[in-house]
Amino acid sequence: MSQHANNSSNPRTTRRVVFVAAPGTEILDLVGPLQVFARAAEMFGKQNPGSLPIYSVEVITTSAHRSFVANCGLRITAHKTFREVRGKIDTLLIAGGNAIEQDEINPDVICWLRKIAGRIRRIGSVCTGAMLLARAGLLDGRRATTHWNWCHILIKRAPRADVDPDPIFIRDENVYTSAGVTAGMDLALALVEEDYGSGLALQVARNLVLYLRRPGGQSQFSAALSLQLTDRKPLRELESWVLDNLNKPLTVPVLAHRVAMSPRNFARVFTKELKTTPAKFVERLRVEAARRRLEESQNSMETIAGECGFGNVNSMRNVFQRALKIPPGQYRRHFRHQKRPRKAKTK
């Protein structure tokens, strides 16, 4: 239980939660976690009539004007621009989006962020909002994460940070970073739990139909490795062939023969073009194929392990544990879209 949980029934102050959004913001980065805090305040208020609101939530923009357009085309009017912000902030979270990803943020925003960071109890980011923390130097010497597809960019922009592409979110002292899009809601739930205990956080999670603590890391949600970025047509076509032959031995010599290259040259070219080894590539495709079968089919673990080339269930379990940080049986229970059982007819 957090240090604040014991006082959760009688909050002495209203915690001010501020979301920073730039033009082209990923709308779920913003409204997802915002709704978690708003719902927590709403539910707490109903259970404790007459008490102070536990959270006040507002949106500020990096733009010169309060109105800005999200990446989906929806126009949003913020409460303030960053230049208009006054007063104490408890929690500040930066939503990701196009302007931040393209490094198009006004330098004045960076100066403002550096100036106020030391006065905020906790500061964090959702998805690619981590890029703005990086630009302000707030990730230096810290562990951090972002959307799995942007981690290689964050490594370049924050060379003094320890970037981990797998966690749903990371806390390093009072700096928080989260993975892609909906992971911002996971982070927000964790912050509510940190402030007011697991009881309220669990109520909010149930109300919003979320996991209080999502099992596994974000790698379980990333798409299968794609060869579409390479200019070499034989390599681009290899993924489809591998997916059709997962139950066969897919060694380097076999893959090299398929694209008419020597094993040594194939391994060198593949690693250079795809930034991963052939073995890791095949393992990832097998994991992704097994993951989909676990979600969508009723097939036994033994059948899925054989179809996807793991050989046996124990081997599949070891790979799942290493790649997704969750065993296949638990993955199936959490993520398969199960149909509701039909009620038995009464005579």
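This structure is a prediction, so every number in the text was calculated from the model and none was measured. (Residues numbered from 1 in each chain as written. Predicted model: local features only at pLDDT ≥ 70, side-chain atom pairs only at ≥ 80, totals over all residues. Heavy atoms only, no water.)

Undergrad: What's the story with the overall build of the protein chain in this structure? I'm lost.
TA: A tally of helices and strands in the protein chain yields 14 helices and 11 strands. Taking all 347 residues of the protein chain together, 50% fall into the buried category. Pairs at least 24 residues apart make up 64% of the contacts formed inside the protein chain by residues separated by at least 6 positions. (Helix = DSSP H or I, 4+ residues; strand = E, 2+ residues; numbered from the N terminus. Buried < 20%, exposed > 50% of the residue type's maximum accessible area, 1.4 Å probe, protein only. Contact = heavy atoms within 4.5 Å.)

Undergrad: Just checking my understanding: could you explain a positive patch on the surface for this structure?
TA: A grouping of Lys156, Arg268, Lys272 and Lys275 is seen on the molecular surface, where their side chains present a positively charged patch. Within the secondary structure, Lys272 is located in helix α10 (residues 263-274). Judged by relative accessible area, Lys272 falls into the exposed class, the value being 59%. (Patch = residues over 30% accessible without salt bridge, like charges linked within 9 Å, V, L, I, M, F, W, Y side chains within 5 Å. Areas by Shrake-Rupley, 256 points an atom, 1.4 Å probe, with all protein chains shown as cover. Salt bridge = Lys/Arg side-chain N within 4 Å of Asp/Glu carboxyl O. Lys, Arg positive; Asp, Glu negative; His and termini not counted. Charge placed at Lys NZ, Arg CZ, Asp CG, Glu CD.)

Undergrad: Would you mind showing me how to read helix α8 (residues 233-244) here?
TA: Within an α-helix, residues lying three or four positions from one another point in the same direction, as the helix has 3.6 residues per turn. Compared with the 16 Å implied by 1.5 Å per residue over 12 residues, the 18 Å span of α8 between its first and last C-alpha is a close match. Inspection of α8 places Leu235, Leu238, Glu239, Trp241 and Val242 among the buried residues, and these make up the whole buried set. Contact partners of the buried residues in α8: α9 (252-258), α10 and α11 (278-296). (Expected span 1.5 Å × (residues − 1).)

Undergrad: How should the packing of aromatic side chains be read in this particular structure?
TA: Here a ring pair, both rings aromatic, is described through the centre-centre distance and the interplanar angle of the planes. One pass over the structure, following the stated rule, counts 8 aromatic pairs. For the ring pair Phe37 and Tyr55, a centre distance of 5.0 Å and an interplane angle of 75° mean the geometry is edge-to-face. Of this pair, Phe37 sits in helix α1 (residues 27-47) while Tyr55 sits in strand β2 (residues 55-61), placing them 18 residues apart in sequence. For Phe37, a relative accessible area of 0% corresponds to the buried category. Arranged with centres 5.4 Å apart and planes meeting at 50°, the rings of Phe266 and Phe270 form a pair that is tilted. Highlighted residues: Phe266 and Phe270, both in helix α10, separated by 4 residues, approximately one helical turn. Members of the aromatic cluster, joined through ring pairs, are Phe19, Phe37, Phe44, Tyr55 and Tyr196. (Phe/Tyr/Trp six-rings, centres within 6.5 Å; stacked < 30°, edge-to-face > 60°.)

Undergrad: Would you mind showing me how to read the sheet that holds strand β11 (residues 175-178) here?
TA: By way of backbone hydrogen bonds, the strands of a sheet pair with one another, either parallel or antiparallel. Read across the open sheet, the 7 strands follow the order β5-β2-β1-β6-β7-β11-β10; overall the sheet is mixed. The sheet is open, and its two borders are formed by β5 (80-81) and β10 (169-172), each paired with just one other strand. Looking at chain direction, strand β1 (residues 15-21) and β2 are connected through 7 bridges and run parallel. Pairing of Val17 across the sheet is with Val57, part of β2. Relative to β2, α1 is tilted by about 160°, and along the sheet it contacts β1, β2, β6 (91-95) and β7 (122-126). Its contacts with the sheet place helix α3 (residues 107-117) against β1, β2, β6 and β7, and it is angled at close to 155° to β6. (Pairing = 2+ DSSP bridges. Axes fitted to C-alpha atoms, helices over the stretch in contact; angles between N-to-C directions.)

Undergrad: Help me understand the packing of helix α6 (residues 183-196) against helix α7 (residues 198-207) in this model?
TA: The relative placement of two packed helices comes down to the angle between their axes together with the axis-to-axis distance. For the pair α6 and α7, the least separation of the axes is 7 Å and the interaxial angle reads 150°. When the axes of α6 and α7 are compared, the pair comes out roughly antiparallel. Of the residues in α7, those in contact with Leu189, Val192, Glu193 and Tyr196 of α6 are Ser198, Leu200, Ala201, Val204 and Ala205. Of the residues belonging to the contact of α6 with α7, the class tally is 7 nonpolar, 1 polar and 1 charged. (Parallel < 35°, antiparallel > 145°, perpendicular 65-115°, else oblique. Nonpolar A, V, L, I, M, F, W, Y, C, P; charged D, E, K, R; others polar.)

Undergrad: Just to check I follow, could you spell out the pairing of β6 for this structure?
TA: On a regular strand, one side chain projects to one face of the sheet and the next to the other, so that they alternate. Counting buried positions along β6 gives 5 out of 5 residues, so the element sits mostly inside the fold. When β1 meets β6, the two strands line up parallel, connected through 4 bridges. Directly across from Phe19, in β6, lies its bridge partner Leu93. Relative to β7, β6 runs parallel, the two being bridged by 5 bridges. Looking across to β7, one finds that Ile94 is bridged to Ser125.

Undergrad: Whenever I open this one, the confidence of the model for the protein chain confuses me. Can you help?
TA: Caution is warranted with low-pLDDT regions, since their predicted coordinates should not be read in detail. Mean pLDDT over the protein chain stands at 88; residues scoring 70 or higher make up 90%. In the model, residues 1-8 has pLDDT below 50 throughout and makes 15 contacts with residues more than four positions away in sequence or in other chains. Residue range residues 337-347 is modelled with pLDDT below 50. Its contacts to residues more than four positions away, or to other chains, number 1 contact. (pLDDT = per-residue confidence, 0-100.)

Undergrad: I would appreciate a short explanation of unusual backbone geometry in the present structure.
TA: Note: most residues except glycine have negative phi, and most peptide bonds are trans. Even without glycine at this site, Cys127 takes up a positive phi of about 55°. Tracing the backbone shows Cys127 in the loop between β7 and α4 (130-135). The exposure class assigned to Cys127 is buried, which follows from its relative accessible area of 5%. Positive phi outside glycine occurs at Glu173, with the angle close to 55°. Mapped onto the elements of the fold, Glu173 is located in the loop between β10 and β11. Take Glu173: its relative accessible area is 57%, and that puts it in the exposed class.

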